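Coordinates in review
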Amino acid sequence: MSWQVYVDVRNCFKEGYAPLNFYVKEDFDCASTRGTGSAKTISNYELVLMAQSRAKSRGFSDVLYLDSVNKKNLEEISSCNIFIAMGKIISTPVIDGTILSDITRKSVIELASDLGYLGDEHVVAVDELIEADEVFCTGTVVGFALVGSITYQNRRFHVLGHNRLN
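Now for a description of the structure that goes with this document. (Residues numbered from 1 in each chain as written. Predicted model: local features only at pLDDT ≥ 70, side-chain atom pairs only at ≥ 80, totals over all residues. Heavy atoms only, no water.)

Tallying each qualifying case throughout the model produces 3 aromatic pairs. Ring centres of F83 and F136 lie 5.0 Å apart, and the angle between their planes is 5 degrees; this geometry places the pair in the stacked category. Pair noted here: F83 is in strand β4 (residues 81-86) and F136 is in strand β7 (residues 134-139), with a separation of 53 residues, a long-range link. An identical accessibility class is assigned to F83 and F136; each is buried. (Phe/Tyr/Trp six-rings, centres within 6.5 Å; stacked < 30°, edge-to-face > 60°. Helix = DSSP H or I, 4+ residues; strand = E, 2+ residues; numbered from the N terminus. Buried < 20%, exposed > 50% of the residue type's maximum accessible area, 1.4 Å probe, protein only.)

This is how it looks when you write it as structure tokens:
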């Protein structure tokens, strides 16, 4: 099942409706514990511009950041939240002070429940991407966007409906 069937919103990425391709940035923190990651401030966006620009120059849509403590758990994308779909469960990283909670994220969790899915918030390990049926991202400006692939540790994983390693 594709989530785009239920949410048909054009997103702000240059790809439009095409699946996005993200690069996992391991050597840069988008937000840190006791920082301002949970607030919508210009300083949070300013910090990611260099990493985002570099990823885009290499052909990626944006950057997917890991947690600043363990470097093993998903946080968010530069401008949106990430979701992983596996069977009838959609998971997203739990809000713990480093991730911005927005109304679109909350709406997707509620919509999932209304459609018979379980909306699960937990610490999402980057390894869960490998097993996902589908990955998508949401945000106020982004809207809703499907993810086609994620590159992690120089390995590209296709995450749209199935997983294949390049």
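With 12 residues, helix α2 (residues 103-114) ought to run about 16 Å at 1.5 Å a step, and its terminal C-alpha atoms sit 16 Å apart, in line with that. Within the sequence span of α2, burial applies to R105, V108, I109 and A112. An end-on view of α2 places all buried positions within 95 degrees of arc, on one side of the element. What points out from α2, more than 90 degrees from its buried face, is the exposed set I103 and D114. Its buried side turned inward, α2 meets β4, β5 (89-93), β6 (118-122) and β7. Among the residues trailing α2, G116 stands out with phi positive, at a value near 90 degrees. (Expected span 1.5 Å × (residues − 1). Arc of directions from axis to C-beta. Contact = heavy atoms within 4.5 Å.)

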